[in-house]
Amino acid sequence: MVTALELAESVLKRLEGRFDDVAVLVRQRDYVMVKLWNTEPSVTQSWIDAKVSVLVSRNGRVFSTELSVSDPDAVDNALRNVGEILTKLEPSEIYAPLPEPAEFKPLEGLVDQNVLKAMEEPGKYVEEMIDAALKEGAERVAGTLVFGRMTKALATNKGFRGMEEGTEVEAYLRAFKGEFSGHWAHGSRVLDINALREVGRRAGMYATITNSKADFTPGKYDVILSPLVIGNLIDTIGWMASAMAVMMGFSMFMKVKPGDKVGSEAVTIIDAPRDTELAESTAFDDEGVPTKDKPIIKDGVLVNILHNTGTAKKMGTESTGNAGWLFPTPWNLHVAPGNVKSEEELISELRNGIIITNNWYTRLQNYVEGIFSTVSRDAALLVKNGEIVGHLGRIRIADRFANLLSNWELATKETHKIRWWEVETPTKAPYALIRQVNLTKPPI
Amino acid sequence: MTALDEGLLQWAVDKALEAGASYAEARYQRDVTSGVILRNARTVGVGSEVREGIGVRVIINGSLGFAATNTLTREGVERAIMAAITRARATASLRKTPIEFSDERVGRASYEVAVKRPLGDLTAETLTELGKKLTETINSSVKEVKVPAVMFQAGTRLQEKLVINSDGAAIHSVVPRVTAFINFVLAHPQKGTLQRTIEKEASGGAELIDSWRLEEVVSEEVRNLEKVFLKGVEPPKESIDVVVGSEVVGLLVHESAGHPMEADRMLGREAAQAGESFVKPDMIGKYRIGTKYATVIEDPTIPGSNGYYLFDDEGVPARPRYLYKEGIIYEPLHNRHTAKLMGTSSNAAARAMDYASEPIIRMSNTYLKPGDMSFEELIEDIKLGVFIKSYMEWNIDDMRWNQRYVGLEAYMIRNGELAEPVRNPVLEITTKGFYSNIVGVDKHLRFYPGTCGKGEPPQGVPVWFGGPDVRLAKIRLGVIA
């Protein structure tokens with residue numbers, strides 16, 4: 001079987017004489033996912049496939065394609081008319097020549113052999129997660145456990161060659177007790193049995209944390225958001241930090257520029273491609289630019305918009321190593337921790353307010369203004385005098401991202417590695433206390 | 001004719017049965033998309049994508065296994081089959097209830113959506129021209145505001161499937177689609193910004209682009225939205241009659257009738273992802289969710305629709321389903337697994353996004369049944385009300401009960417007529433709150449496209465949702481904080 005890099009080079013060889021720029025990106029994967037419902041597997045899914053992405057340009061005219069094939073001839077065949085198509089296009093507004101190759105520092109420790117072994121016996125790890133939730137008193141669980149291996153290779157006609165192999169673990173569980181539920185998630189490159197048990201334990205803990213219900217009146221509240229909620233909201237903010245989102249009118253950063261204050265001093269958000277604990281860690285981006293960790297927001301100030309070479313040229317700056325050929329994106333996100341020693345201490349600081357442990361369905365009325373809402377799921381808990389007094393049911397955060405970032409006050413010292421259905425970008429996030437957040441619920 | 005040798009799929013099914021599977025299914029799927037992206041009338045990207053491969057599904061010792069590959073040789077397919085079997089077996093110790101499928105009369109058929117003009121007519125050049133024209137239309141339609149960003153995206157999608165299973169199904173289908181997406185931002189120094197997305201998508205050929213009259217649609221929207229942006233007032237705080245436009249109604253029935261009536265959600269299969277449902281099996285045929293106007297239909301067989309199919313991915317023939325009928329919760333969407341569990345027959349709701357996705361229960365085209373009134377008749381006796389014509393922000397909770405839609409183009413209704421524009425009215429309401437407050441529907445059934453997300457890994461499938469304009473009594477609207 002040819003390696004991903006051999007495949008990329010083979011495709012490149014067929015195309016490089018015909019275009020000014022050629023980049024070939026190959027992704028090969030072997031993944032297994034066990035999906036659970038009612039405390040048992042609903043399906044075990046596997047993917048063993050490859051994807052070849054090709055970028056070509058001539059005279060500033062750019063064409064990109066993505067093909068789910070493993071055969072260089074098939075790629076060549078699929079691109080046979082591209083030369084003619086290019087002659088009819090106008091130059092791309094964001095064209096920049098592919099960069100000359102720069103030396104990149106490979107990342108160590110992206111492959112965990114234990115993950116590769118676990119792919120053939122996922123059942124026992126699923127069992128550990130389930131047991132941990134049931135021990136907390138949960139009645140039933142649903143969730144997902146993923147083990148996988150991905151190989152990425154990039155070859156460009158400027159001479160860049162790079163290949164990386166990495167493993168991934170993604171685990172999340174939702175535990176139910178009666179009408180209440182709790183949820184937790186974990187994402188990493190390595191298999192850590194304790195982290196999997198912790199997924200079950202925390203999901204079970206939130207499902208059983210109180211048997212009481214509490215009344216809710218819409219209004220502004222001080223809230224603690226869990227790392228799952230922070231992860232979900234920061235996912236959207238990270239996406240909006242892409243230069244292409246800014247250019248297209250899909251970003252709250254359209255109205256500000258680096259150096260402007262966009263949040264409280266407690267807010268620092270970092271794009272962290274070199275954090276090898278998180279699953280999108282990579283040493284080079286899709287154009288072969290070496291990656292680097294860099295703040296998007298530091299101490300409340302916007303520092304970096306994320307660029308590929310094309311958007312960087314358009315905006316008169318340098319690539320940040322976040323290509324995406326068309327759309328630069330964050331790799332992994334870090335939300336900086338605070339000084340609060342524990343979740344309990346954060347609840348004491350909250351004194352009176354609401355803890356939202358999970359959310360979904362974040363949608364925006366207006367990206368430029370950052371007007372959004374998102375719905376809580378699982379435990380949303382009322383806190384009175386520093387004590388959890390009951391579940392509030394499903395409530396909604398309906399506010400502006402600018403308000404959330406400005407009213408961000410405290411965070412725990414500990415961060416959690418999160419990835420799940422509603423947190424697509426692997427994230428390390430703490431619990432955070434945010435003041436005066438607008439919360440709603442339907443009147444009828 | 002498929003690009004693939006049908007014999008390979010039959011071989012795969014036989015191979016899986018030989019290896020011990022009690023059920024086997026092999027689906028070849030090829031999705032070819034191409035299109036352009038423009039920003040402010042300048043080309044940003046031109047590209048294409050081909051997803052082609054085989055997904056196999058097996059039941060082995062009561063466990064369900066799925067595997068996908070794009071190595072379309074016997075060796076590649078066998079590797080996928082063995083992965084599906086061995087990895088499903090590896091979780092067998094956790095299995096309590098064996099997975100079984102309902103008995104169905106599966107089909108053997110081949111169908112193809114006929115086009116008036118081939119998709120190939122929509123070249124990158126043609127679509128770029130269209131994007132430039134539309135951007136020009138937007139810029140020339142505004143009077144006082146600026147337009148800092150216009151994004152235009154358009155393209156074609158061609159989907160081919162061949163499904164063969166061990167119960168005798170053999171279904172070949174070819175469905176072409178055309179898509180267009182326009183997003184624009186209006187800006188004013190004192191008023192801030194307003195943002196709108198317009199989407200079109202349907203099955204058919206290149207002729208669809210002209211039929212959408214995009215220049216006319218965009219021009220009218222921009223002119224109306226500028227008025228809303230500059231002159232919009234807050235909605236009344238008291239309870240009033242609210243007329244919900246068909247665009248909002250379509251989304252609302254998708255979210256609050258379609259999703260909760262998916263039997264897999266009702267039974268908990270999506271509990272950790274898209275969630276469960278307020279609908280429980282014992283409510284079917286009995287529970288009143290709304291007034292006599294609350295009839296929601298799900299129909300994959302509408303010609304030209306975005307969610308069009310005649311057989312589902314388990315080989316079961318498609319037909320219209322009444323999710324809610326005259327206010328009663330009526331018929332859930334089933335695949336063969338949930339049908340078996342609930343002692344009924346599949347109604348052909350199994351769809352897979354691409355070769356690498358397992359078929360799961362999905363909507364197709366969901367709509368609220370229209371009535372026979374005109375819009376004028378619907379609002380003629382409203383003394384004070386609000387008409388919400390379009391939206392941007394929306395969401396709903398994971399039980400499909402508590403939902404929110406934030407209006408974009410909206411107007412006061414005064415003495416039976418549309419009056420001044422309203423800015424950002426918020427309809428936050430429960431599912432029962434909506435359906436039980438419907439007091440009238442007009443006759444104008446309109447459909448809107450969407451990409452419905454569900455499953456793990458998430459699968460986006462093309463759907464339509466629609467309905468008439470709907471009048472609700474005694475609703476309290478909110479405003480953006």
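Everything quoted here is computed from the prediction, not taken from an experiment. (Residues numbered from 1 in each chain as written. Chains lettered and ligands numbered in written order. Predicted model: local features only at pLDDT ≥ 70, side-chain atom pairs only at ≥ 80, totals over all residues. Heavy atoms only, no water.)

A. Broad picture of the packing of aromatic side chains. Applying the stated rule across the entire model yields 26 aromatic pairs over all chains. Seen in terms of ring centroids, F447 of chain B and W464 of chain B are 5.0 Å apart; in terms of plane orientation they differ by 15°. Their pairing is stacked. In this pair, F447 of chain B sits in strand β22 (residues 446–454) while W464 of chain B sits in strand β23 (residues 459–467), placing the two residues 17 residues apart along the sequence. You can call F447 of chain B partly exposed: its relative accessible area is 25%. You can call W464 of chain B buried: its relative accessible area is 14%. Among the aromatic residues, those joined into a cluster by ring pairs are W360, Y361 and W421 of chain A together with Y391 and W394 of chain B. Note that R377 of chain A overlies the ring of W360 of chain A, its terminal NZ or CZ placed 5.3 Å from the centroid. (Phe/Tyr/Trp six-rings, centres within 6.5 Å; stacked < 30°, edge-to-face > 60°. Helix = DSSP H or I, 4+ residues; strand = E, 2+ residues; numbered from the N terminus. Buried < 20%, exposed > 50% of the residue type's maximum accessible area, 1.4 Å probe, protein only. Lys NZ or Arg CZ within 6 Å of the ring centre and 35° of its normal.)

B. A look at a negative patch on the surface. Residues and elements named next belong to chain B. A cluster of acidic residues, D372, E376, E377 and E380, forms a negative patch at the surface. Counting through the fold element by element, E380 comes out in the loop between α9 (375–379) and β15 (384–388). On the accessibility criterion, E380 (53% relative accessible area) is exposed. (Patch = residues over 30% accessible without salt bridge, like charges linked within 9 Å, V, L, I, M, F, W, Y side chains within 5 Å. Areas by Shrake-Rupley, 256 points an atom, 1.4 Å probe, with all protein chains shown as cover. Salt bridge = Lys/Arg side-chain N within 4 Å of Asp/Glu carboxyl O. Lys, Arg positive; Asp, Glu negative; His and termini not counted. Charge placed at Lys NZ, Arg CZ, Asp CG, Glu CD.)

C. The arrangement of the sheet that holds strand β9 (residues 294–298) of chain A in detail. All names here are of chain A. Pairing within the open sheet is mixed, and its six strands lie in the order β10-β9-β8-β11-β20-β19. Looking at the sheet topology across the chains shown, the edges are occupied by β10 (301–302) and β19 (416–420). Helix α7 (residues 227–240) rests against β8 (269–271), β11 (333–335), β19 and β20 (423–429) of the sheet, and its axis sits at about 120° to β20. (Pairing = 2+ DSSP bridges. Contact = heavy atoms within 4.5 Å. Axes fitted to C-alpha atoms, helices over the stretch in contact; angles between N-to-C directions.)

D. Region of interest: the domain arrangement of chain A. All names here are of chain A. Assigned domains within chain A: domain 1 (4–208) and domain 2 (219–304 + 330–440). With 39 residues of domain 1 at the contact, the number on the domain 2 side is 39 residues. Roughly 3200 Å² of surface becomes buried between domain 1 and domain 2 when both sides are summed, with 58% attributable to carbon and sulfur atoms. At the surface where domain 1 touches domain 2, the tally comes to four salt bridges. Residue D378 pairs with R174 through a salt bridge whose shortest N-O separation is 2.6 Å. Linking domain 1 with domain 2 are 17 residue pairs in polar contact (both at pLDDT 80 or more), by the criterion used here. The set of elements that each furnish at least two residues to the side of domain 1 that touches domain 2 consists of β1 (21–37), β4 (140–156), β5 (161–177), β6 (180–188) and α6 (193–208). Among the elements that make up the side of domain 1 that touches domain 2, the one with the highest residue count is β6 (nine residues). (Domains from an automatic or database assignment. Buried area = accessible area lost by both parts, 1.4 Å probe. Polar contact = N/O pair within 3.5 Å; in protein donor to acceptor, adjacent residues only side chain to side chain.)

E. Representation of the sheet that holds strand β24 (residues 470–475) of chain B within the structure. Residue and element names in this part refer to chain B. Read across the sheet, six strands follow the order β19-β18-β15-β8-β24-β21 without closing on themselves; strand pairing throughout is mixed. Strands with a single pairing partner mark the edges of an open sheet, and in this sheet they are β19 (417–422) and β21 (438–441). With strand direction ignored, the average angle separating the axes of adjacent strands in the sheet is 30°. In terms of strand pairing, strand β8 (residues 240–244) meets β15 through four bridges, oriented parallel. Bridge assignment links V243 to a residue of β15, and that residue is F387. Sitting on the sheet, helix α5 (residues 214–231) touches β18 (410–414) and β19, and the angle it makes with β19 is about 60°.

F. Quick look at the side chain of N359 of chain A. All names here are of chain A. With respect to the element layout, N359 can be found in strand β13 (residues 359–366). One polar contact links N359 to N232, side chain to side chain, over a distance of 2.9 Å. Ignoring sequence-local partners within four residues, the contact set of N359 consists of L228, V229, N232, L233, T374, V375, S376, R377, W420 and E422.

G. How the structure looks around unusual backbone geometry. Residue and element names in this part refer to chain A. Cis geometry is found at the peptide bond from A323 to G324, where omega equals 15°. Considering the arrangement of structural elements, one finds G324 in the loop between α9 (309–314) and β11. For N38, which is not a glycine, the phi torsion comes out positive at approximately 45°. One can find N38 in the loop between β1 and β2 (40–58). A residue is classified by how much of its surface remains accessible, and N38, at 26% relative accessible area, is partly exposed. Here D299, not a glycine, exhibits a phi torsion of approximately 50°, which is positive. Turning to its location among the elements, D299 is positioned in the loop between β9 and β10. Residue D299 is classed as partly exposed on the basis of its relative accessible area, which comes to 40%.

H. Structural context of the interface of chain A and chain B. Each partner contributes residues to the interface: chain A has 90 residues there, and chain B has 96 residues. When chain A packs against chain B, the two sides together hide about 7700 Å² of surface, and 51% of this comes from carbon and sulfur. On the chain A side of the interface with chain B, the three residues burying the most area are W37, Q365 and W421 of chain A, jointly 10% of the side's total. Scanning the region where chain A abuts chain B turns up eleven salt bridges. For the pair chain A and chain B, the interface holds 65 residue pairs in polar contact (both at pLDDT 80 or more). Sorting elements by how many residues they give to the side of chain A that touches chain B places β2 of chain A first, with eleven residues. By the bridge criterion, four bridges tie strand β3 (residues 61–67) of chain A to strand β2 (residues 42–60) of chain B in an arrangement that is parallel.

I. Summary view of the pattern of salt bridges. Evaluated as defined, the whole model comprises 69 salt bridges over all chains. Among the ionic pairs, E179 of chain A bridges to K213 of chain A, the shortest N-O distance being 2.9 Å. Separated by 34 residues along the polypeptide, E179 of chain A in the loop between β5 and β6 and K213 of chain A in the loop between α6 and β7 (219–225) bring together distant segments of the chain. The burial state of E179 of chain A is the same as that of K213 of chain A; both residues are exposed. The salt bridge involving E216 of chain B is made with R213 of chain B; its shortest N-O contact spans 2.4 Å. The exposure class assigned to E216 of chain B is partly exposed, which follows from its relative accessible area of 48%. Given a relative accessible area of 46%, R213 of chain B falls into the partly exposed group.

J. Representation of the packing of helix α5 (residues 123–135) of chain A against α6 of chain A in the model. Residues and elements named next belong to chain A. The interhelical angle for the contact between α5 and α6, taken along N-to-C directions, is 35°, at an axis separation of 7 Å. Classified by chirality, the crossing of α6 by α5 is right-handed. Within the contact between the two elements, α5 uses Y125, E128, M129, A132 and A133 and α6 uses I193, L196, R197, V199, G200, R201 and G204. Looking at the contact of α5 with α6, its residues break down into seven nonpolar, two polar and three charged. (Left-handed = near helix turned anticlockwise from the far one by under 90°. Nonpolar A, V, L, I, M, F, W, Y, C, P; charged D, E, K, R; others polar.)

K. How the structure looks around the side chain of T144 of chain A. Relative to the assigned elements, T144 of chain A resides in strand β4. Residues in contact with T144 of chain A, not counting those within four places in the same chain, are M33, V34, K35, M129, E170, A171 and Y172 of chain A together with Q273 and E456 of chain B.

L. Highlighting the domain arrangement of chain B. Residue and element names in this part refer to chain B. According to the domain assignment, chain B consists of domain 1 (6–231) and domain 2 (240–479). Taking only C-alpha atoms into account, the centre of domain 1 sits 21 Å from that of domain 2. Counting residues at the interface gives 56 residues for domain 1, matched by 44 residues for domain 2. Where domain 1 abuts domain 2, roughly 4000 Å² becomes buried across the two surfaces, and 52% of that area is made up of carbon and sulfur atoms. If you look at where domain 1 meets domain 2, you find five salt bridges.

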